[in-house]
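Survey of secondary and tertiary structure
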There are 4 protein chains.
Amino acid sequence: MESDDQSKNGFPVPTRVSRMRRFPTPPDLEKILPRYQLASSAAHARVLMASGLIKAEVVDQIVTGLEQIGQEFAAGKHFINDDDIDLYTALIRRLSELTGTVGERLNQGRSDEDWLATDVRLWVRDTLLDALLKLIELRTMFLQLATAHEDVFFSAYTHMQPKRREMLCFHFLSVESRLRQDCERFLDLFGRVNLISAGLDNQILLEHPLDRGLLARLLGFDGIQHNTFDSVSEVDYVIEFASCAAIFGTHLSQFAGEMLLWSTQEFGLVRLPRQFSFENETFPDRKSSEVLEVLRSRSASLGYKLTEILSQLKGIPSASSHESSEVLSALNELIYNLDFVLELTKTILPALIFDIKRMTDLSEVDMANRANAIDYLIEKGFAPDKAVSLVEPLVEYCRKRKRTMSDLAPGEWMQFSPAFDRDIYKYVSKDESLGTSGPRYELVSQAIGYGRQRLAHDHEQLAALSSKVKSLTVEVPTTTE
Amino acid sequence: MESDDQSKNGFPVPTRVSRMRRFPTPPDLEKILPRYQLASSAAHARVLMASGLIKAEVVDQIVTGLEQIGQEFAAGKHFINDDDIDLYTALIRRLSELTGTVGERLNQGRSDEDWLATDVRLWVRDTLLDALLKLIELRTMFLQLATAHEDVFFSAYTHMQPKRREMLCFHFLSVESRLRQDCERFLDLFGRVNLISAGLDNQILLEHPLDRGLLARLLGFDGIQHNTFDSVSEVDYVIEFASCAAIFGTHLSQFAGEMLLWSTQEFGLVRLPRQFSFENETFPDRKSSEVLEVLRSRSASLGYKLTEILSQLKGIPSASSHESSEVLSALNELIYNLDFVLELTKTILPALIFDIKRMTDLSEVDMANRANAIDYLIEKGFAPDKAVSLVEPLVEYCRKRKRTMSDLAPGEWMQFSPAFDRDIYKYVSKDESLGTSGPRYELVSQAIGYGRQRLAHDHEQLAALSSKVKSLTVEVPTTTE
Amino acid sequence: MESDDQSKNGFPVPTRVSRMRRFPTPPDLEKILPRYQLASSAAHARVLMASGLIKAEVVDQIVTGLEQIGQEFAAGKHFINDDDIDLYTALIRRLSELTGTVGERLNQGRSDEDWLATDVRLWVRDTLLDALLKLIELRTMFLQLATAHEDVFFSAYTHMQPKRREMLCFHFLSVESRLRQDCERFLDLFGRVNLISAGLDNQILLEHPLDRGLLARLLGFDGIQHNTFDSVSEVDYVIEFASCAAIFGTHLSQFAGEMLLWSTQEFGLVRLPRQFSFENETFPDRKSSEVLEVLRSRSASLGYKLTEILSQLKGIPSASSHESSEVLSALNELIYNLDFVLELTKTILPALIFDIKRMTDLSEVDMANRANAIDYLIEKGFAPDKAVSLVEPLVEYCRKRKRTMSDLAPGEWMQFSPAFDRDIYKYVSKDESLGTSGPRYELVSQAIGYGRQRLAHDHEQLAALSSKVKSLTVEVPTTTE
Amino acid sequence: MESDDQSKNGFPVPTRVSRMRRFPTPPDLEKILPRYQLASSAAHARVLMASGLIKAEVVDQIVTGLEQIGQEFAAGKHFINDDDIDLYTALIRRLSELTGTVGERLNQGRSDEDWLATDVRLWVRDTLLDALLKLIELRTMFLQLATAHEDVFFSAYTHMQPKRREMLCFHFLSVESRLRQDCERFLDLFGRVNLISAGLDNQILLEHPLDRGLLARLLGFDGIQHNTFDSVSEVDYVIEFASCAAIFGTHLSQFAGEMLLWSTQEFGLVRLPRQFSFENETFPDRKSSEVLEVLRSRSASLGYKLTEILSQLKGIPSASSHESSEVLSALNELIYNLDFVLELTKTILPALIFDIKRMTDLSEVDMANRANAIDYLIEKGFAPDKAVSLVEPLVEYCRKRKRTMSDLAPGEWMQFSPAFDRDIYKYVSKDESLGTSGPRYELVSQAIGYGRQRLAHDHEQLAALSSKVKSLTVEVPTTTE
């Protein structure tokens, strides 16, 4: 037998949260870059051939060598060893071991900085496409949640106090709306990321410039970064990527914070199934919503990486400084955490169990005036608990009759306590916030319709970008992560 | 008639929160520095005299001039005008207008940077003493709150879920303990702030060094900063001050966040009187706890200033850079906000109305097992609200009998729902967290005693520092802010 | 008689840097918002009329009242007074004083939060258009600098060491290229800013929704923000604006840092005219490049505001929290500083005097091998200054003969010191970085052409946006800042 | 034959910078904590025995088990496996495997949070002592550098322009003075770190409190943290540690930035031996000072961790939140980077080769007036390079005659260019900054004396702290890192 609410959400619930490492560490950058090094090297060989600098058979030797290195890497054997200065000298050394002097010819018309700059763009591009895909999945989920709760009212809060009866689906739609703009931002950024920066560096030593357009096409880039001077050290697209991620992080962090609040026993509006509880060996039976805190804190951490990147880059000369390497380390952590919070949200979201009945009940209570009446009695000298106990029946009285306190006659007030004088009317609000009329239903269907249409549009755009990028004419040697 | 709880807290409640500016701006630095410029100038004149560089009557003329400038400033007439480069040239110009060429002789053996560095130290020292005084007031209040609730139990939370029956006064004691360490840090810092940096700069142009020890004594400094090279640009004590303020800010921000949570209608553990509500013209009767959000956000802002200061100083040469001026702007905002949150807390704290009855009631409920039992039913397929409604009577049953669910017999479970099978025992916790025994009372009186003793000690130390600083031998011309 | 270099830059040089306040304070938000309050109120009145909620003559009365308030404000008489809760109640009160009860009818279908949200979007929109205009001016200047130095070579640096002979204009083109992407980002953002958020809030109390499309048209918005739930508290566009500003700040901060380095006497590549020096009363004749430090530090400060905004928003509930107000304070400082650094750069840039001859000379020196040869001698035991004095003539020898050290014969080395053994060839680099051939000239003219074309395009796009926004059908009462 | 300057510095120069990982990753926290887990567990067993909760033979079994686990860990076999929830359940599980049910008795009177809190304090304490030791080594080096250059003059800079002839040793003394205050701060902090927090948590379930004083003594703690409520989640000492590290980071970052500037070929004041150059496979002979950039950027990163920690802790409830775990991750990175920059500075510092002759020469030049004279000519219409070439001989003329330009007669000016009119005297400064008299030598010997005395004092204090901590009565099982 299944929970109604869960099946209404329409998602499978995972049997158990995979054991989360309490102190996670991002993967080593030296494990991430090789797949891009290999792809960009194969493409570079073709470009050299097109410029007449190497012959077709040399390209074949090089590509064969790269493929073998890729297979070794996939099998867990990294090409770098302790005597190598870095990944780039390491790859050329290994290629030379496999192909003889042919390997070193890859260094023509390309500096290591050039090469690294290209690889980082490939990496960020992959990350962007992956994040976009997951964002679209999340938006789908939030739209489903909105649809599934189209007719549910709840008590919306401002400043953590009940403000007004509102439709629950608006809450989901507002998150979806934010994620939609996250997608927009990432898509806008895509055009600035997907440019080849490989450029002038070292080509200066050649008589004729290499065909950068060909390199761009081979690697699926949209075009050429026209800044040729410091394009290898320019990392604006990294800052912008971090900014977009940080804004997105704010969204998740706020959503997590809100669910955490709702999941307290006092609010009691939402629950996570037990398999989402962090276990505790002393009290294995004690539930905790720590997983929501994980989401709140880890998604906020995207912003700290942005801060770090910005601070590193302050005031340094525009050409290469070591600060650029530090930026890559920060980027690595950022990408790791971005993916982590995307995956975590995808796992948590379908598992949330909303207590619709409690929400509805609370939304029918004149909470603002409840507080006003309690305050009134406290100011008259009643102890807080006494005040609460006198007001509760009054609240129930109104709820059953669907009345608001501001409409009660003096005599009705007196029934609950003689302390309720005529000045009570200065305290209670004439707020019509309990109404369910107004243009709400119209707005809901508009918003859902608009959301779906934009989702379909973005999905299509992403598919187009992805397919273009994946169908590179140069085969990337198989690698694993 | 007064609320019992309020009178127990023992503080007067302000009649109305003074209208808070929604978008406050710190005072202009050019209004803050003059009082220190005047004091340090009067002292400098004496030092020049002691070195035989000016005569006693010149000192008299200078001091008379400074006093007049101080009176004008106090009367709202600033000595700076549009043609002055900055506050320092302005003061010398005005002094020269009043005293003739005598004024310029103050420039001997002191550069503007020297002078500014001394004034900033005087300003930070004043700020430190003032903050310490207010911290001690806050600690007194928290100790009073602890004493007033020495025998109250409440349900302590971890991860926002009830964890264990605990003594309320521990909560207040823990805040006091943090503020105590804030005091310690500020006191440790005092020794590093209260050193005169005025030094080598420009004295190099004199044949003999000025008597820096005399200057230190005249201005109430403990001694001389032994770094003579870049003492005028060294602002470590500002970073350290910002660090201490940021740690303190974390404490207030967390306390405010917790009170905000407790003041939700769902938690209902604490209230702010209506006069603390931010008004709202649309719904003048609607309460809001925004003032607690103000405390939470503004106290966190102390940390942002620290971040700004640290980032500004990254990697710049150790001697003067404009970044030092930017640091002073950040310091100004920091000092303004530090005082704001200290004052706000002093106002809010005595006005808090705790609902002791509700706290006690909640602490008697086996909340952890309440949640476990609800989860059990939800996993068996009940809707959340149904599960809650079945478990509530069970909770009440236990509370009245002072029993925990883990002790109930299978038959007792069955009374509340036949769905409660024997596997319920896998869900409920054997936690004895409802106990009130243990070494608690002993620990409480120890902790209160220790707190009081340390408070008295710090109070005394502060009084000693303040009196030494206030009794400067050079009269500071009266100024207002 | 004018400096050649200045006239080549083609800009007028300001006679004197306007006195910069050392400790600037941003203007009061309460002085900034009124102009937007008035415009949005006039539009709201029309919308109420269109929905049949008020009559045409009431609109006339309201607009007349608003115009009078605008004139009073322009004349320096603010409508807020000490008893007003905030700007919004203040405006309605003043309007009511002028028009009787008619004023309060503006509250229909609009909450204060709604209203403020609209005004902030109008403010950010204005700021965006203004920043874009100034960015385009800066890009024009950088392109002019590039054109003016199309045939100049200099010694490009990496890690602050000379790397390779390069064309100076690439340096200017690279900055222009970054500013171009700043424009792109601001333009992308424009579409997300220029949406009306005014929405559901309080309309719920009406029977029919107001015509938000009409409001959008009247205020020049492109459309409606489809998130109706928390659109009044959603400030993503503010975070994104801060992000874009922070990235731009990084560009200026790096440019300023580089010019600062170049303007040291040791580098001697660029000068600022004396009128840009910060004066110093002790040594009025001493030059300082502090104005470049001002640019470096203040432009970096844009990033600190972003950090503050992100931190404030972490984990708070999505609906109104006081943190949103704090965000507006940070935004105010950000806007102030953004404009400050834009204006400062516009002033500094045309005044820079490049020492073309020195640049050219340095670019002809084999600097990398100069360092290698010095190191060689130091490792052989020479004191650093001795090593330098032996290598300098060698450097000159090569420069005159247009040779690189790697091509010198052993005997040639020995002429300069017998210490130069055959192992010197292990130290000197075969680098051909002194060449001036390669595809450089081609790349330069491509890059300049591309830059101009994009500039024209962006200029046009900005003009279109501006004209649309300025031609609002509702006349905004004249106000000053 | 050795370089004179190096031997004067008095330190051995490392033969080669150990290959630095370009993208370093801090060690896994799960590798760091075990050594502290084992030590605190052995001590806890003794405390349980002292309270009569377990017998002596059980303690023996437990300690034997812990020792074996320690040996396995040292041999590379970690006790955690994939099914363990975390390090704490893992250790108890492994202990139980080795000792039977005895292992689980360690859980008495101690929660995991308690245990972790103790271990983190042990870890931070170790780190503090280690950092202090290295700081003292650095201070020793800086004092040696000062002594070795006691009579050298150089041209001190402000705003990157030469300001005044100054003694080089002041530069080293000023860094030492900052590091001295870093030591002071760390020592002040020690007293707040070295308190046992292990406390109330879970002891509540015992009839009598455990002897926390005994635990403190066994683990070398100075006393008990008196906050018993949330002592396990209170991480103020971590924030303070991060603050101290961040201030220290600012010092190193500024020192590195300055050395980087000095090491440009244009300044030419300092060199790093070639073995410190980052290699470059394209141009293996090209020197780079990247290692100084590494120091600049990595030491600044200590501040970013502080920012992260402060942001994580904003506004969360004071009791356990997941944010505390995130703080530990940030702490781990911080500790890793702190040690990295301490070690790197220790390696770089003794290897710096100062060009004393160049410094002395530059200090004899009237640089400020050199710039003024050049400006004068530029304003008269000369091209910058022409102006420079006219002024250089004038500078040399003054230097040889030990005169300043302000003293030259009009006729002397005219010898160098007829363009030098009488108004040149409005440009040149009467600055006596070239003097070498004044109280400098006196101040130097005072400062060195004071520095040595404080160094000896701090060294002694550290030794006392270390020896107390190391002589724990409970033997910590041998572990490696």
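Residues numbered from 1 in each chain as written. Chains lettered and ligands numbered in written order. Predicted model: local features only at pLDDT ≥ 70, side-chain atom pairs only at ≥ 80, totals over all residues. Heavy atoms only, no water.

For chain A, the count of helices and strands is 16 helices and six strands. Expressed as a percentage of the 481 residues in chain A, the buried residues total 68%. Long-range pairs, those at least 24 residues apart, make up 78% of the contacts in chain A between residues at least 6 apart in sequence. When the accessible surface of chain A is totalled, it reaches about 16100 Å², and 51% of it is carbon and sulfur. (Helix = DSSP H or I, 4+ residues; strand = E, 2+ residues; numbered from the N terminus. Buried < 20%, exposed > 50% of the residue type's maximum accessible area, 1.4 Å probe, protein only. Contact = heavy atoms within 4.5 Å. Areas by Shrake-Rupley, 256 points an atom, 1.4 Å probe, with all protein chains shown as cover.)

Taken together, the contact pairs 58 residues of chain A with 59 residues of chain B. Between chain A and chain B lies a buried interface of about 5200 Å² when both sides are counted; carbon and sulfur atoms form 50% of it. Interface area lost by chain A to chain B is led by His159, Gln265 and Glu266 of chain A, which between them contribute 15%. Our count for the contact surface shared by chain A and chain B stands at four salt bridges. Note that lysine 314 of chain A is salt-bridged to glutamate 323 of chain B, the shortest N-O span being 3.0 Å. Across the contact surface, chain A and chain B share 17 residue pairs in polar contact (both at pLDDT 80 or more). At the level of elements, β2 (161–167), α9 (236–262), α10 (290–313), β6 (353–354), α12 (356–363), α13 (367–379) and α14 (384–401) of chain A are the ones that each hand at least two residues to the side of chain A that touches chain B. Residue contributions to the side of chain A that touches chain B peak at nine residues, all from α13 of chain A. Looking at the side of chain A that touches chain B residue by residue, the classes come out as 21 nonpolar, 13 polar and 24 charged. (Buried area = accessible area lost by both parts, 1.4 Å probe. Salt bridge = Lys/Arg side-chain N within 4 Å of Asp/Glu carboxyl O. Polar contact = N/O pair within 3.5 Å; in protein donor to acceptor, adjacent residues only side chain to side chain. Nonpolar A, V, L, I, M, F, W, Y, C, P; charged D, E, K, R; others polar.)

Take the environment of leucine 179 of chain C next. Residues and elements named next belong to chain C. Take leucine 179: it is sitting in helix α7 (residues 168–193). Remark: the alpha-carbon pair of leucine 179 and isoleucine 247, spanning 68 residues in sequence, is separated by 9.6 Å. Other than its neighbours up to four places away in sequence, leucine 179 contacts Leu135, Leu138, Arg139, Phe142, Phe248 and His251.

So, on to the relation of the copies chain A and chain B. When chain A is fitted to chain B, the residual RMSD is 0.0 Å, and the transformation amounts to a turn of 180° plus an axial shift of 0.0 Å. In the structure described here, the two chain copies are related by an operation that fits a two-fold rotation axis. Scanning chain A for the C-alpha nearest the rotation axis identifies glutamate 266 of chain A, at a separation of 2.6 Å. By residue overlap, the copies meet face to face through one surface: 100% of the interface positions of chain A are interface positions in chain B. (Least-squares fit on C-alpha atoms with pLDDT ≥ 70 in both.)

The next subject is the confidence of the model for chain A. Residues and elements named next belong to chain A. Of all residues in chain A, 85% have pLDDT values of 70 or greater, and the mean over the chain is 84. Within chain A, no element has a lower average pLDDT than helix α1 (residues 4–9), which sits at 36, and none a higher one than α9, at 96. Predicted as a complex, the structure gets a pTM of 0.92 and an ipTM equal to 0.89. (pLDDT = per-residue confidence, 0-100.)

Quick look at helix α13 (residues 367–379) of chain C now. In this model α13 of chain C runs 18 Å from its N-terminal to its C-terminal C-alpha over 13 residues, within 8% of the 18 Å that 1.5 Å per residue would give. Burial runs high along α13 of chain C: 12 of the 13 residues are buried. Buried within α13 of chain C are the following residues: Met367, Ala368, Asn369, Arg370, Ala371, Asn372, Ala373, Ile374, Asp375, Tyr376, Leu377 and Ile378 of chain C. In the core, the buried residues of α13 of chain C are packed alongside β2 (161–167), α12 (356–363), α14 (384–401) and α15 (410–416) of chain C together with β5 (270–271) and β6 (353–354) of chain D. Two residues or fewer after α13 of chain C comes glycine 381 of chain C, characterised by a positive phi angle close to 110°. (Expected span 1.5 Å × (residues − 1).)

Right, let's talk about helix α6 (residues 112–148) of chain C for a bit. With 37 residues, α6 of chain C ought to run about 54 Å at 1.5 Å a step, and its terminal C-alpha atoms sit 54 Å apart, in line with that. Extensive coverage of α6 of chain C is indicated by the burial of 28 of its 37 residues.

What follows is about the pattern of salt bridges. By the definition in use, this model includes 129 salt bridges over all chains. Of the charged contacts in the structure, one is a salt bridge between glutamate 97 of chain C and arginine 94 of chain C, with a shortest N-O distance of 2.7 Å. Residue glutamate 97 of chain C and its partner arginine 94 of chain C are both found in helix α5 (residues 87–99); the two are separated by three residues, about one turn of the helix. Judged by its relative accessible area of 48%, glutamate 97 of chain C falls in the partly exposed class. Arginine 271 of chain C is the salt-bridge partner of aspartate 375 of chain D, the closest N and O atoms lying 2.7 Å from each other. Residue aspartate 375 of chain D is located in helix α13 (residues 367–379), and its partner arginine 271 of chain C is located in strand β5 (residues 270–271); the two belong to separate chains. Among the charged side chains, a salt-bridge network with shared partners connects Asp182, Glu184, Arg185 and Asp188 of chain A together with Arg192, Asp236 and Glu240 of chain C.

Moving on: the pairing of β2 of chain A. Regular strands have side chains that alternate between both faces of the sheet. Residues and elements named next belong to chain A. A large share of β2 lies buried, amounting to seven of its seven residues. Here six bridges tie strand β1 (residues 153–158) to β2, and the two strands are oriented antiparallel to one another. Considered in β2, the bridge of phenylalanine 153 is made with methionine 167. Connecting β1 to the antiparallel partner β2 that follows it, the hairpin turn spans two residues, and histidine 159 within it adopts a positive phi of roughly 50°. (Pairing = 2+ DSSP bridges.)

Among the structural elements, serine 253 of chain A can be located in helix α9. Judged by relative accessible area, serine 253 of chain A falls into the buried class, the value being 0%. Serine 253 of chain A has contacts with Arg296, Ser299 and Ala300 of chain A together with Lys314 and Gly315 of chain C, leaving out every residue within four places of it along the chain.

A few words on the packing of helix α9 (residues 236–262) of chain D against helix α10 (residues 290–313) of chain D. Residue and element names in this part refer to chain D. Between α9 and α10, whose axes approach to 7 Å, the crossing angle comes to 155°. With respect to their mutual orientation, α9 and α10 come out roughly antiparallel. The two elements α9 and α10 meet at a crossing, and its hand is left-handed. A per-class count over the contact of α9 with α10 returns 18 nonpolar, six polar and two charged. (Axes fitted to C-alpha atoms, helices over the stretch in contact; angles between N-to-C directions. Parallel < 35°, antiparallel > 145°, perpendicular 65-115°, else oblique. Left-handed = near helix turned anticlockwise from the far one by under 90°.)

What follows concerns the packing of aromatic side chains. Inspection of every chain in the model, using the stated rule, returns 42 aromatic pairs over all chains. Residues tyrosine 376 of chain A and tyrosine 427 of chain A carry aromatic rings whose centres are separated by 5.1 Å and whose planes lie at 85° to one another, so their mutual orientation is edge-to-face. Of this pair, tyrosine 376 of chain A sits in helix α13 while tyrosine 427 of chain A is found in the loop between α15 (410–416) and α16 (440–470), placing the two residues 51 residues apart along the sequence. Residue classification places tyrosine 376 of chain A among the buried positions, given a relative accessible area of 1%. Judged by relative accessible area, which is 16%, tyrosine 427 of chain A ranks as buried. When the centroid spacing of 5.2 Å and the interplanar angle of 70° are considered together, the rings of tyrosine 397 of chain C and phenylalanine 416 of chain C count as edge-to-face. With tyrosine 397 of chain C in helix α14 and phenylalanine 416 of chain C in helix α15, this residue pair connects regions lying 19 residues apart in the sequence. (Phe/Tyr/Trp six-rings, centres within 6.5 Å; stacked < 30°, edge-to-face > 60°.)

So, on to unusual backbone geometry. Residue and element names in this part refer to chain B. Located in the positive-phi region is lysine 402, a residue other than glycine, with phi close to 50°. Mapped onto the secondary structure, lysine 402 falls in the loop between α14 (384–401) and α15 (410–416). Taking relative accessible area as the criterion, lysine 402 reaches 71% and is therefore assigned exposed.

Next up on the list: the state of the cysteines. Here a disulfide denotes a covalent bond joining the sulfur atom of one cysteine to the sulfur atom of another. A complete count under the given rule lists zero disulfides over all chains for this structure. Unpaired in terms of disulfides, cysteine 244 of chain D finds its nearest cysteine sulfur in cysteine 244 of chain B, a separation of 8.4 Å. Taking relative accessible area as the criterion, cysteine 244 of chain D reaches 5% and is therefore assigned buried. (Disulfide = S-S within 2.5 Å.)

What follows is about the packing of helix α3 (residues 34–50) of chain B against helix α5 (residues 87–99) of chain B. Residue and element names in this part refer to chain B. It is the contact of α3 with α5, at a shortest axis distance of 11 Å, that shows an interaxial angle of 60°. The angle between α3 and α5 falls in the class oblique. α5 is crossed by α3, and the crossing has right-handed handedness. Of the residues in α5, those in contact with Gln37, Leu38 and Ser41 of α3 are Leu87, Tyr88 and Leu91. Considering only residue class, the contact of α3 with α5 consists of four nonpolar, two polar and no charged.

Bringing the environment of arginine 271 of chain D into the picture now. Overall, the relative accessible area of 15% leaves arginine 271 of chain D in the buried class. Between the alpha carbons of arginine 271 of chain D and phenylalanine 354 of chain D there is a distance of 6.5 Å; along the sequence they are 83 residues apart.

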